[in-house]
Number of protein chains: 2
Amino acid sequence: MMKIAIAGFGALGSRVGIKLQKAGHEVTGIDGWPAHIAAINTKGLKVVNDAGESKRYFMPVVTPKEIHGTFDLIILLTKTPQLNQMLTDIAHIITPQTKLLVLSNGLGNIEVIQKHVDREQIYAGVTLWTSSLAAPGEIHVTGTGSIRLQAIGGGDAEDIITALNQGELNAELSRDVMTDIWRKAGINAVLNPLSVLLDASIAEFGTAGNQMELSLGILNEIKAVGEAVGIRVDVQDIMDTLAELLKPEVAGAHYPSMYQDIQGAKRTEIDFLNGYFAKLGAQHQISMPINSLITQLIHAKEDIVRVKQAKTQETFEL
Amino acid sequence: MMKIAIAGFGALGSRVGIKLQKAGHEVTGIDGWPAHIAAINTKGLKVVNDAGESKRYFMPVVTPKEIHGTFDLIILLTKTPQLNQMLTDIAHIITPQTKLLVLSNGLGNIEVIQKHVDREQIYAGVTLWTSSLAAPGEIHVTGTGSIRLQAIGGGDAEDIITALNQGELNAELSRDVMTDIWRKAGINAVLNPLSVLLDASIAEFGTAGNQMELSLGILNEIKAVGEAVGIRVDVQDIMDTLAELLKPEVAGAHYPSMYQDIQGAKRTEIDFLNGYFAKLGAQHQISMPINSLITQLIHAKEDIVRVKQAKTQETFEL
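The rules behind the values
- All residue numbers refer to positions counted from 1 along the written sequence of the respective chain.
- The order in which chains are written sets their letters, starting at A; the order in which ligands are written sets their numbers, starting at 1.
- pLDDT decides what is reported in this predicted model: residues at 70 or higher carry local features, side-chain atom pairs at 80 or more are listed and counted, and totals for whole chains, interfaces and linings draw on all residues regardless.
- Water and hydrogen atoms were dropped before computing side-chain values, which therefore reflect all heavy atoms in the structure.
- UniProt positions are given in the numbering used here, feature names are shortened, and annotations may be inferred rather than shown by experiment.
- For the purposes of this entry, the term helix denotes a DSSP run of H or I that reaches at least four residues, the term strand denotes a run of E that reaches at least two, and both are numbered from the N terminus.
- The atom set for the radius of gyration is the C-alpha atoms, and the globule formula is 2.2 Å times the number of residues raised to the power 0.38.
- For every residue, the accessible area (1.4 Å probe, protein chains only) is compared with the maximum for its type, and the residue is labelled buried under 20%, exposed over 50%, or partly exposed between those bounds.
- Residues are treated as being in contact if the distance between any of their heavy atoms lies within 4.5 Å.
- Using the Shrake-Rupley algorithm and a 1.4 Å probe, accessible areas are obtained, with residue cover drawn only from the displayed protein chains.
- Accessible area that two parts lose when put together, with a 1.4 Å probe and added across both, is what the buried area reports.
- Throughout this description, the term salt bridge denotes a Lys or Arg side-chain nitrogen within 4 Å of a carboxyl oxygen of Asp or Glu.
- In protein, a polar contact requires one atom able to donate a hydrogen and another able to accept it; more generally it is a pair of N or O atoms within 3.5 Å, and residues adjacent in sequence count only if both atoms are side-chain atoms.
- For two strands to pair, DSSP has to find at least two bridges joining them.
- Only the six-membered ring of Trp is used, alongside the rings of Phe and Tyr, when aromatic pairs are assigned; centres must lie within 6.5 Å, and planes under 30 degrees apart are stacked while those over 60 apart are edge-to-face, with the rest tilted.
- By convention a nonpolar core is built from buried Ala, Val, Leu, Ile, Met, Phe, Trp, Tyr and Cys residues, the set being connected through side-chain atoms within 4.5 Å.
- Residue ranges for the domains trace back to a domain assignment, done automatically or taken from a database.
- Here an angle of 0 to 180 degrees is reported between the N-to-C directions of two axes, which are lines fitted to C-alpha atoms, with helices fitted over the stretch in contact.

Chain A appears in an unreviewed UniProt entry as 2-dehydropantoate 2-reductase from Leuconostoc fallax. Chain A has a UniProt comment under Pathway (unreviewed entry) that states "Cofactor biosynthesis; (R)-pantothenate biosynthesis; (R)-pantoate from 3-methyl-2-oxobutanoate: step 2/2." According to its UniProt record, chain A has this under Function (unreviewed entry): "Catalyzes the NADPH-dependent reduction of ketopantoate into pantoic acid."

Draft legend 1. Local environment of the overall build of chain A. Broken down by element type, chain A carries 13 helices and twelve strands. The C-alpha atoms of chain A give a radius of gyration of 20 Å, which matches the 20 Å a tight globule of 318 residues would have. Expressed as lengths along the three principal axes of its C-alpha atoms, the size of chain A is roughly 55 × 50 × 40 Å. Looking at chain A residue by residue over its 318 residues, the buried ones come to 54%. A separation of at least 24 residues holds for 70% of the contacts in chain A among residues at least 6 apart in sequence. Of the accessible surface of chain A, which amounts to about 14200 Å², a share of 52% is contributed by carbon and sulfur atoms.

Draft legend 2. Highlighting the interface of chain B and chain A. Listed as interface residues are 26 residues of chain B and, on the opposing side, 26 residues of chain A. Both sides together, the interface formed by chain B and chain A hides about 2400 Å², and carbon and sulfur atoms give 67% of it. At the boundary of chain B and chain A, one finds two salt bridges. One salt bridge connects B:Lys308 with A:Glu204, and the closest N-O pair in it is separated by 3.6 Å. Taken together, chain B and chain A are joined by ten residue pairs in polar contact (both at pLDDT 80 or more). Elements supplying a minimum of two residues to the side of chain B that touches chain A: helix H6 (177-197), helix H7 (202-205), helix H8 (211-229) and helix H13 (289-312) of chain B. With 13 residues, the single largest contributor to the side of chain B that touches chain A is H13(B).

Draft legend 3. A look at the pairing of strand E7 (residues 99-102) of chain B. Residue and element names in this part refer to chain B. Here E7 shows two buried faces, one formed by Lys99 and Leu101 and the other by Leu100 and Val102. Both strand E6 (residues 73-76) and E7 contribute to a ladder of four bridges, which runs parallel. Paired with Leu76 across the bridge in E7 is Val102. The pairing of E7 with strand E8 (residues 122-127) spans three bridges and is parallel. From the neighbouring strand, Leu100 faces E8, where its bridge partner is Ile122.

Draft legend 4. Spotlight on the UniProt feature "domain: Ketopantoate reductase N-terminal" (unreviewed entry) in chain A. Per the UniProt record, "domain: Ketopantoate reductase N-terminal" (unreviewed entry) is found at residues 4-152 of chain A. Across residues 4-152 of chain A, helical content stands at 26% and strand content at 30%; the span's end C-alpha atoms are separated by 19 Å.

Draft legend 5. Structural view of the environment of B:Gly154. Tracing the backbone shows B:Gly154 in the loop between strand E11 (147-151) and helix H5 (158-166). Separated by 35 residues in the primary sequence, B:Gly154 and B:Arg119 have C-alpha atoms spaced 8.9 Å apart.

Draft legend 6. View of the packing of aromatic side chains. Residues and elements named next belong to chain A. Applying the stated criterion across every chain, the model contains six aromatic pairs over all chains. Measuring from ring centre to ring centre gives 4.9 Å for Trp182 and Phe277, while their planes differ by 75°; the resulting arrangement is edge-to-face. Placement of Trp182 in helix H6 (residues 177-197) and of Phe277 in helix H12 (residues 274-283) is noted, with a sequence separation of 95 residues between them. When its relative accessible area of 2% is taken as the criterion, Trp182 is described as buried.

Draft legend 7. How the structure looks around the nonpolar core. Of all hydrophobic cores here, the largest spans 144 residues; its most connected members are A:Ile74, A:Trp182, B:Ile74 and B:Trp182. If sequence neighbours within four positions are ignored, A:Trp182 has contacts with A:Leu107, A:Ile222, A:Val225, A:Gly226, A:Val229, A:Ile231, A:Val233, A:Tyr276, A:Phe277 and A:Leu280.

Draft legend 8. Local environment of the domain arrangement of chain A. Residue and element names in this part refer to chain A. Here chain A is partitioned into domain 1 (3-175) and domain 2 (179-310). Each of domain 1 and domain 2 has a C-alpha centre, and these two points are 25 Å apart. Contacts between the two partners involve 14 residues from domain 1, matched on the other side by twelve residues from domain 2. Where domain 1 abuts domain 2, roughly 1200 Å² becomes buried across the two surfaces, and 58% of that area is made up of carbon and sulfur atoms. Applying the counting criterion to the domain 1 and domain 2 interface returns two salt bridges. Among the ionic pairs, Arg148 bridges to Asp180, the shortest N-O distance being 2.9 Å. Going through the elements one at a time, helix H3 (80-89) and strand E8 (122-127) are the ones with two or more residues in the side of domain 1 that touches domain 2. Looking at the side of domain 1 that touches domain 2, the element that brings in the most residues is E8, giving four residues.

Draft legend 9. Molecular detail of the sheet that holds strand E2 (residues 26-30) of chain B. All names here are of chain B. Strand order in the open sheet formed by eight strands is E5-E2-E1-E6-E7-E8-E11-E12, with mixed pairing between adjacent strands. Every interior strand has two partners, whereas the edge strands, strand E5 (61-62) and strand E12 (171-173), have only one. Pairing geometry for strand E1 (residues 3-7) and E6, over four bridges, is parallel. Pairing of Ala7 across the sheet is with Leu76, part of E6. Each of E6, E7, E8, E11 and E12 touches H5; the most contacted strand, E12, lies at about 160° to it.

Put into structure tokens, the structure is as follows:
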């Protein structure tokens, strides 16, 4: 059994954590949202399934400053913009033997982690498990998922895969996890910003006659920058997946996370998605006008929404 | 005095028509919207000014098929997508002596008109007069404007300028009307599509921190294609104008016409704005990725809005 910390104990971290704890691992959650931590520590984590049934699970959750001891495995599910701060805050629980498995979406995670630990300690993965946070201390889970992961330093990932599969997380070894990560990022680089700019759910985006042309423009640039850095981007494969996701019966009225971030007047992860590809392109003298423009438009949208929201909140006389 | 027809008797056509009729010209409106024609012919055109005062003016308005006789001057204010059809429908009132003055926004007008008359009959202008159509037969007018125009075939525009100025339309000769037209189109190519994609009024767009970067990207491409076809685009001058227009005290909560078209689930004029520049760029082997992407995004938005609206109207059981 392993001693496991989950840094970033949000919707997905909670789901993964509970499953690992049920398998007998010693799991601690690390998070920075006081209301969420308080809810779990006092009433347990409420998990609601598709049938509307709910169950409560108890698990220790602490802030980065409160955690102590050392860990065999730290699963990183912090959003990319906060990852560096999280690793700084939990430096005291990381030993040279600690393995760090990053499962967050967003690009550039490995570069950030390398600033804190040796490359041999880093494992990266991509997951199809999903979960949504309905309220502090309450997640809604649907379907099953899987995890594909690889040791970035070339080592062995077997013990991590075994631990995850004890928790029935359907983990398997990837021979080329960067391809898997870019594949997922490619899908997100289409669906996330376009849902914001077109004010459309996934199903609604599917009603645009030129959806394939728009998607191809974004993906062909990603393929070009991938070639420059040695990561294969199979555009046709991603397009096939998108076509599947955009089918009305599959897509429903679901909105990507970036759309939800904009609705909540939060900063998005665009700099770690289309913006990351654009920046990498600039470093390799590859023209990335489409991903650059999309990044700029999303930043403009972030500003506009925050000013709009600030104005609607000016409801009291000073 | 001149015998003048105004083809496209919408908000702006009505305002211009009334002013020319007041000056003593014999003016006939040509339009295709039955409710608007009926309202003007039965109750007169209701004109409301900034102070809320209103006055009714009577003027003959007919459909393209109903008009007869010949005219000295036809002022074209039909939207670009409908211009070719309008010229086909009114071919019987155009003689070799008829002058055609096009004042519509949108690019590609002159190419369309050339298919119907000699180049020597064509005059093109750009106007700062504005007006909005509040209801069939009712326009709201604000401020004053001006018109700059030029004979496209190299001839003399003095008699047209005299006629327009008898109607106090502040007309003057332009030495390079294509520069004026592209200047106005450049401003519209920024404000129109970005208001749609960012769901922002002009003033709200002004709150985006990267508004200048976004504007420059669009305008620099237009400048490049302008160089290829011999039209000077003064990017700095357009940026200065944009900066002025985006000031909160000037911009207010005003939305560009393209935003209103999208709200009304109408097709926009994007193909005669950013799409025109992109197409011209392709013809001259100039890369126009920003204007191309913006054109694609607006077309996607048109589709999505129309499907959304169709769904909300499915309120009755079949």
